Amino acid sequence: MMKNLRLHTKFIVLLTSVSLIPLVIVAGVTLVRFQSSLQNEASKLGHQLAATAAAEIRTFMISQFGLLDNIAAMYHPDFPIEPSVAEKLLEVILLRSENFMDIAVVNTEGKVIARKNRLLVITPKDLGTYEGVEAFEAVKKSGVYVGPVYVRSGRPFFDFGRRIPDSQGNFAGAVFAQVDARIMPSVVADISKIVDPPGRVFIVNERGIVIAHPDLSYVLAERNLSTLPAVLGVVQDPSNAEKMSAAYTNEEGNDVLGSAHPMTIELYDLRASAPSSINWFVIAEQPEDSVYGEARSTAWFSVFLSLAAVLAAAGAAVFFAGRVSRPIEALHTATVEFGKGNLEYRASVETTDEIGDLARSFNTTADTLSKTVASLRAEEQVTSAERNKLRLILSGITNAVVAVDMQRNIILFNKAAEALTARETASVLGKPIADVIEIYDGVKKVPIDDFCPARASIEGVVYNKRELHMRDAMGNERIVNVVSGRIREGENIQLGCVLTFQDITREFVMERTKREFVSIAAHQLRTPLTGMSWTVEALLSEARGALNTAQKELVHLGLDTVHRMVDLVNDLLDVSRIEEGKFGIKAVRQPVAPIINQILQGMQKQAERKQVVLKVDIPPDLPDLDLDADKIEFAFSNLIDNAIKYTPAGGEVHVRAERKGSDVHVSVSDTGIGIPAVEFERVFTKFFRSRKAQSYHTDGSGLGLYVAKNIVEQHGGKISFTSMENKGTTFTISLSAPAE
Amino acid sequence: MADVHAEHSKRHFVFVAICAIFVFVLCALVFAYFLTNRPVQEATQSHTVVVVRNPPALDATWDMTRAELRDLGYIEGENIEYVITEVSNDLETTKSRIAPLLGDSIDLVLTFGVLATRAAKEATEGSGSSVPIVFAVVSDPVGGGLVRSMQSSGNNLTGITPANEFAASKRLEFLKSLLPGAKRIISAWNDERTSGVDGLRRIAPGLGLELIDEQVADVASMVAFLDTFPYKRGDAILRASDSIGAGALSRVIETAVRERVPLIGTNSGDTARGALMSYGADYAPISARAARMIDQIFNGTAPSDIPIEEASDFDLAVNTDTATKIGVTIPQSFLIKVRYVYPTE
């Protein structure tokens, strides 16, 4: 759901942005340009207002100057008019003019020669002089003069001056008028009506003092509005006053856009050297609302429109996104269900567009997949059954089976292994086998590479050793036969080695116990047997009385028996010693022939008795061998004795010795009963007596061959035989000659 | 599966609902903005003005002021109330008429003439009130001690002065120019300052005129004096430019006509009523100015921030009917100086 919302949101954001961003950009640009064009308009308007004000005031001034010109004409030096008449006319002009408060006529020296005032009675002593007055000098120079606005007794005035020319145009005096300056406030009041309230137009002089304002109080109070940015610009830099100031809040608390425009009123006197201009500035304040009002409302409208567009886009996006994302959501649900294992789930999308195609292909894939999964499941069940079977089998096997992987970590550890090592499978799985099992051959530890090599060139058994030692987890010693094999590395097979341990501890212990018993028994028997032998021999020696023949026979028999028993005991002791590893040889280099000959000499009588022919073939050039004479003699005599024993009368026993390469082979062949083939394997084992031998001759300990083999092998030689039942047997001892 | 869809639909609905609410709120805001952005007429509260008339001379001025206020948007009964009283004979009585009318609900006092103004000033001072006082037609307010200076009163007064303290002398000059045969000027005055009697005394001899001035206490005395004065040829009456003179106007006009004595008034209104001639400030602009001052004060400006103004239009007026009645011929050379000729055709 969350993921789907993201897609949804993406759609909405995208569509909204696509619709909104261009709109906002266009609106923004338009607004900025609109704003700047409005500002231009305002600036232009301000300019126009200033121009209008200037024009009107100029017109006024010109009209006043017109009047002054009339008066000047009256006082033209060449104009014949009586002063008293001129005075009367002056009064008429004064009274009939609307704006003149005072008119004064001065002569070339500046002396007032006539004066009329609207309010004051002018007596001759009230006539003063304009000499040295700025106005007079100005008129002399430029022919015209307009003085600054000043307030006197609650009214604003300014002074005008006009030169009286003579017929040559030279300076012949001047006319000065005190003019009511209320024309200016009324002009700006009218012009202020052009701007929307609370906008206003007013005029300041270069010091920022209001000289005309729709509210006369400002003028009368001579308010200084230098604090307003528009006026401040004028005061600070009168020469560069024409500029549009930024919006500010004026002293009445209104937000306005102010502009300052210098008033240029040029008053020409044709003969003047330069036009006199006036340092006044028209300040036009337009209310910010009305200047930017339209822009503001447009801006708001744009905002509203943009928001509407956003909402429309969002609505469309929501609708559209839903239409697109719902099938995707359905698909997503399908995959989720699939992931949960619900393989029968099919996406339900019927649209004909790519998403529909996707859904259909998904369904097809789902079909295939579900079939595959079903068959895989079936296979898995089979495999699982097999695995279980294997596990059961393994549990049942009495031998310990341990399998390791390529890194020689234990991956299989059956029940028998648990019993052998006194560890639990769970505790050893995954552990290196070297940590769990240590095998000793005698006292030497068997390296792991021997019984579980990392690499094996052959598949199959790599190690097969019997009677190895190991300790279980409790510290108890165990004797095992170890067979280990490698499974050749395949692609998917992780087995490394499989080791089988046959726990022969009990058998081993039993063997040892048996051996020890035999040894002890034999030792124990020896003494009495020696005694018995001595006793019987003593008896036979007739040292203690004569024996008759029958008694002698009996005693011989007894002595034979005793000797046989002694042999047996000796054999047992030998065997015991062999088994304990105490049966060593002392080798001395000597010829072998004499030993054999000696044996044969001793066996001659026995052979004759049994009517068996003894043949001997011993070449004289046999090399000397390293022999323990007693022991090798035992081996040879055992073979020869057996040969004689198991050959029936009339048979033959042939003793041969020959040199074969660096070896000396001594063979004893007979034509005796032979050994059945099935018993070949056990011929050299302890207590072996062939059935045939047993049925033929009940004597024999069965130990002779065992000991003989041991003796031969200790000499570094080999003992072997061939035999055929009822035909004969040949035993061969081969000994290698020492290197010269 | 149905669960998922239901969840989705619910979310959809919630989203759309939120959008709708948003749109609605936005529209409301926009609407409200546009509404409030229209220039709204200031809520007009009602103002109460105490008017101290000075009939008959200054009633014309009062009418003009009232008309001007109406033009400025103050409709009687809607947003302005006038409590009208008039001056009495003297200062104390006038004060006693004004004082009871003052109260918390009074927004302004409008006075005509110096007597009314002085009475109002003292009445408000006495009650400790600082209610603004606007005076129309009070000459020499600084000299009269009503205000500190022309630029700022320094108190709760402001208004317009017709500068009669100067005009008074000028009147003599014009009289002499109209009637060169004039010899004596009779003037009964009450207020030394506004009547400009000082100037009269200075100027008269220079014009060859003998000034006979008499201070009177009230209208009755003024009338009595002028009524019983022994007039001879070459006499002229100069109406005092103070409140008593204004109050006594009708009676004085009667006397002048009866005695066939030229009467010089202070403004064209006097001439319209029957004075032979007058020279002085035009009262119409004064009324307009006063109305505007009242408007300013109602909008929050303090009286001391409104400089006192001087009237600007000083004009000659003559009454040809009166001239005929008293046997005076007005020459053309004088007429061309005249602004207002009564009776108007």
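Worth saying up front: this structure is predicted, and the values here are computed from it rather than measured.

Cut-offs used in this document
Residues numbered from 1 in each chain as written. Chains lettered and ligands numbered in written order. Predicted model: local features only at pLDDT ≥ 70, side-chain atom pairs only at ≥ 80, totals over all residues. Heavy atoms only, no water. Contact = heavy atoms within 4.5 Å. Salt bridge = Lys/Arg side-chain N within 4 Å of Asp/Glu carboxyl O. Polar contact = N/O pair within 3.5 Å; in protein donor to acceptor, adjacent residues only side chain to side chain. Helix = DSSP H or I, 4+ residues; strand = E, 2+ residues; numbered from the N terminus. Buried < 20%, exposed > 50% of the residue type's maximum accessible area, 1.4 Å probe, protein only. Pairing = 2+ DSSP bridges. Right-handed = clockwise from strand over helix to strand, strands pointing away. pLDDT = per-residue confidence, 0-100.

**Examining the interface of chain A and chain B**
(1) Moving on: Taken together, the contact between chain A and chain B spans 40 residues of the former and 42 residues of the latter.
(2) Moving on: For the interface between chain A and chain B, the tally reads 4 salt bridges.
(3) Moving on: Among the salt bridges present, the one from Lys337(B) reaches Glu91(A), with a minimum N-O distance of 2.5 Å.
(4) Moving on: For the pair chain A and chain B, the interface holds 14 residue pairs in polar contact (both at pLDDT 80 or more).
(5) Moving on: For the side of chain A that touches chain B, the secondary structure elements donating two or more residues are helix H1 (2-74), helix H2 (83-96), strand E2 (112-117), helix H5 (216-220) and helix H7 (288-340) of chain A.

**Considering the pairing of strand E3 (residues 108-112) of chain B**
Each regular strand displays side chains that alternate between the two surfaces of the sheet.
All names here are of chain B.
(1) Moving on: By the criterion of burial, E3 is predominantly enclosed, with 5 of the 5 residues buried.
(2) Moving on: Of the two faces of E3, both are covered, the one formed by Leu108, Leu110 and Phe112 as well as the one formed by Val109 and Thr111.
(3) Moving on: Sheet topology places strand E1 (residues 47-53) next to E3; 4 bridges connect them, and they run parallel. Residue Val50 lies in a different strand from E3, and its bridge partner there is Val109.
(4) Moving on: Alignment of E3 against strand E4 (residues 133-136), held across 4 bridges, turns out to be parallel. Looking across to E4, one finds that Val109 is bridged to Ile133.
(5) Moving on: Considered for its hand, the β-α-β crossover made up of E3, helix H4 (residues 114-127) and E4 is right-handed.

**A few points about unusual backbone geometry**
(1) Moving on: Residues Tyr342(B) and Pro343(B) are joined by a peptide bond in cis, for which omega reads -5°.
(2) Moving on: Mapped onto the elements, Pro343(B) comes out in the segment after strand E13 (340-342).
(3) Moving on: Positive phi, normally seen in glycine, also occurs at Glu222(A), with a value near 50°.
(4) Moving on: Mapped onto the elements, Glu222(A) comes out in the loop between H5 and helix H6 (229-236).
(5) Moving on: The exposure class of Glu222(A) is partly exposed, given its relative accessible area of 34%.
(6) Moving on: Within the chain, Ala422(A) stands out as a residue other than glycine whose phi angle is a positive 55°.

**Some words on the confidence of the model for chain B**
All names here are of chain B.
(1) Moving on: In the predicted model, chain B carries a mean pLDDT of 85, and 92% of its residues have values of at least 70.
(2) Moving on: Looking at the elements of chain B, mean pLDDT is at its lowest for helix H1 (residues 2-37), recorded as 67, and at its highest for E4, recorded as 92.
(3) Moving on: Here the predicted complex carries an ipTM of 0.81, next to a pTM of 0.56.

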